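The primary structure of each chain is shown beneath.
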Amino acid sequence: MDPLRTLWETFFDWDAMREALPEMLTVGLPNTLILAVSAALLGSVLGMLLAVAGISRTRWLRWPARVYTDVFRGLPAAATILLIGVGLAPLGMQVWGPNPYPLGVLALSLIAAAYIGEIFRSGIQSVEAAQLEGARALGFSWSEAMRLVIIPQGVRRVLPAWVNQLIALIKDSSLVYFLGLLASQRELFRIGQDYAATTGNESALLLAGLCYLALTVPLTHAVNWIDRRLRQGRTVAVAPDDTEPDLVGETDLPTTARRDPR
Amino acid sequence: MSTPTSVSLTVRDVHLAFGANNVLRGADLTVQRGATACVIGPSGSGKSTLLRTINRLIEPDRGDVLLDGRSVLRDDPDALRQRVGMVFQQFNLFPHMTVLRNITLALRRLKKLGEDEAVQVARAQLELVGLAGKADARPAHLSGGQQQRVAIARALALRPQVMLFDEATSALDPELVKGVLGVMADLAAAGMTMVVVTHEMGFAREVADTVAFMDAGVVIEAGEPAAVFESPEHPRLRRFLSQVL
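Rules used in this analysis
- Residues numbered from 1 in each chain as written.
- Chains lettered and ligands numbered in written order.
- Predicted model: local features only at pLDDT ≥ 70, side-chain atom pairs only at ≥ 80, totals over all residues.
- Heavy atoms only, no water.
- Helix = DSSP H or I, 4+ residues; strand = E, 2+ residues; numbered from the N terminus.
- Rg over C-alpha atoms; globule rule 2.2 N^0.38 Å.
- Buried < 20%, exposed > 50% of the residue type's maximum accessible area, 1.4 Å probe, protein only.
- Contact = heavy atoms within 4.5 Å.
- Lys, Arg positive; Asp, Glu negative; His and termini not counted.
- Charge placed at Lys NZ, Arg CZ, Asp CG, Glu CD.
- Pairing = 2+ DSSP bridges.
- Axes fitted to C-alpha atoms, helices over the stretch in contact; angles between N-to-C directions.
- Polar contact = N/O pair within 3.5 Å; in protein donor to acceptor, adjacent residues only side chain to side chain.
- Core = buried A, V, L, I, M, F, W, Y, C linked by side-chain atoms within 4.5 Å.

**Some points on the overall build of chain B**
If you tally the helices and strands in chain B, you get nine helices and ten strands. Here chain B has a C-alpha radius of gyration of 18 Å; the compact-globule value for 245 residues is 18 Å, and the two agree. Referenced to the eigenvectors of the C-alpha coordinate spread, the extents of chain B come out at roughly 55 × 40 × 35 Å. Looking at chain B as a whole, 62% of its 245 residues qualify as buried. For chain B, the proportion of contacts with a sequence separation of at least 24, taken over those separated by at least 6, is 67%. Within chain B, one finds 27 positive and 27 negative side-chain charges whose respective centroids are separated by 5 Å.

**Here we look at the sheet that holds strand S6 (residues 84–87) of chain B**
Backbone-to-backbone hydrogen bonds pair the strands of a sheet. The strands run either parallel or antiparallel. All names here are of chain B. One open sheet holds the six strands; their spatial order is S6-S7-S8-S3-S9-S10, and the pairing between them is mixed. The open sheet has two edge strands with one neighbour each: S6 and strand S10 (218–223). Pairwise comparison of adjacent strand axes, ignoring direction, gives a mean angle of 20° for this sheet. Examined bridge by bridge, strand S9 (residues 210–215) and S10 share five bridges and lie antiparallel to one another. Bridging from a neighbouring strand, alanine 212 pairs with alanine 222 of S10. Against the sheet, helix H6 (residues 174–189) contacts strand S3 (36–40), strand S7 (162–166) and strand S8 (193–197), and its axis sits at roughly 145° relative to S8. Across the sheet, helix H9 (residues 235–244) is in contact with S3, S9 and S10; its angle to S9 comes to roughly 100°.

**Some points on the environment of Arg186(A)**
Residues and elements named next belong to chain A. On the secondary structure map, arginine 186 appears in the loop between helix H9 (159–172) and helix H10 (188–199). Relative accessible area serves as the criterion here: at 10%, arginine 186 is assigned to the buried category. Along the sequence, arginine 186 and leucine 29 sit 157 residues apart, while their C-alpha atoms lie 9.1 Å from each other. Once you skip the residues sitting within four places of it in the chain, arginine 186 turns out to touch Glu23, Val27, Gly28, Asn31, Leu181, Ile191 and Asp194. Within the structure, arginine 186 has its side chain in polar contact with the side chain of glutamate 23 (distance 2.8 Å). There is a polar contact of 2.5 Å between the side chain of arginine 186 and the side chain of aspartate 194.

**Observations regarding the nonpolar core**
Phe140(A), Ile40(B), Leu126(B), Phe165(B) and Met184(B) are the most contacted members of the largest nonpolar core, which totals 105 residues. If you tally residues by element for this core, the top one is helix H6 (residues 101–126) of chain A, at 14 residues. The contacts of Leu126(B), once residues within four sequence positions are left out, are Val99(B), Leu100(B), Ile103(B), Leu131(B), Ala132(B), Ala135(B), Val150(B) and Ala153(B). Core analysis: the second largest hydrophobic core is formed by 31 residues, Val11(B), Leu24(B), Val84(B) and Met86(B) among them.

**Describing the sheet that holds strand S4 (residues 62–67) of chain B**
Strand order in the open sheet formed by four strands is S2-S1-S4-S5 (chain B), and the pairing between neighbours is antiparallel. The sheet terminates laterally at strand S2 (21–31) and strand S5 (70–71) of chain B, the two strands that pair on one side only.

**Re the environment of Leu100(B)**
Residues and elements named next belong to chain B. With respect to the helices and strands, leucine 100 occurs in helix H3 (residues 99–109). Taking relative accessible area as the criterion, leucine 100 reaches 10% and is therefore assigned buried. As a C-alpha pair, leucine 100 and glutamine 89 span eleven residues in sequence and 20 Å in three-dimensional space. When residues no more than four places from it in sequence are discounted, the contact partners of leucine 100 are Val119, Ala122, Arg123, Leu126 and Ala135.

**Overview of unusual backbone geometry**
Residue and element names in this part refer to chain B. Even without being a glycine, aspartate 68 presents a positive backbone phi close to 50°. Its place among the elements puts aspartate 68 in the loop between S4 and S5. A positive phi angle is found at glutamate 167, which is not glycine, with a value near 45°. By secondary structure assignment, the location of glutamate 167 is in the loop between S7 and H6. Glutamate 167 gets classed as buried once you look at its relative accessible area, which sits at 13%.

This is the structure:
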């Protein structure tokens, strides 16, 4: 047989794709989204706690945050998911029964938190110290100043990096297949893989890949768009009509020493 | 301008060291109720640090700060800072908020005003600094002079009893300085107790009730502007004035 033709049929068997598509869209896509979105939410909340702990003046907050980040960033995602999904399975059994799904979400969240924590921390630390001083001078406590003034600015600066992390999360969600999900819990990758295994044809797996791209490529462009907007927002020229009005300051002041050297 | 209920201010023998660096070495300053003191002196003489010990952004190692004769060092620092307004060289407006929200934030969160009341106070304050039309603009869309006037309005909205100005016009283009100094002069005339760290000798001469000259962490000469500028006693002050005037 023509090797090129074999190759084509291995990846582009339209019938195999058509067969897998309904399940891909009704089971795989929702599950991937549930895994990714819930892990993104939980991971971002945990990441924010890690970020704030990481810049705390208290060693007992800073130090554990540092260790956590090093450990969860340093382990392969597959190892973390297996360790948590299998290791905590007996505990999970008592809390929510034999369902590995919540542990999968937990593992993904814990991994994402380590990265997102570092992203948030770098953003928060990039905000000028003068902003904190300005807020404190108005009478805000340290935590109020952080919450109202520093963190919102810091997070805004690192939104592109944060979205990048969400893209990684969507891809990593495929790893929960290690945990032996029920048929109705399978996400995109697992469904593609199952079809590929039963038919000996990779087309369904390729279809799963296309589904991932359909999710991640728009997000990549969203990152670029956000990045561009943030850049433009920061360098705004002063409108030409913004001249200093003379209606304030009835007192006519002498010119400054610097402008009037004698 | 607003009618502030000003207080008198006394800084007594304040010491502060950052490690081996003695920034303040027994600084004293007295400002009568409703009076304006201008603090002048070379860079690194401790002027800005002295200002920050008054609202305790920096805690002094030793010495005392008194408002109307009462020490503030045992007060809650956050509550103290609501009574002592401060304006910075770099404005320190919050860039992610509109001008209006920059002012209403503390009114709502700290003074616990309702939204409507906070907006009303903020707009009135913006009116006073001549920026009523800029309420919905972002700080980045304003000139430096306008930003500084917003910063002054933001501090005044909390009805402080003392105002501190840390080189409020040093970061401004020369043509924008006058508008900001005008607002400050109006405020002084309205009876606000003010401590103004400045390089604007014209402003010090014209507006100040007291001019204090700082060098190496100590106020080495203080008095009425005429006396300080026309007949300086300390050689260090004479040398300084010969260089800046």
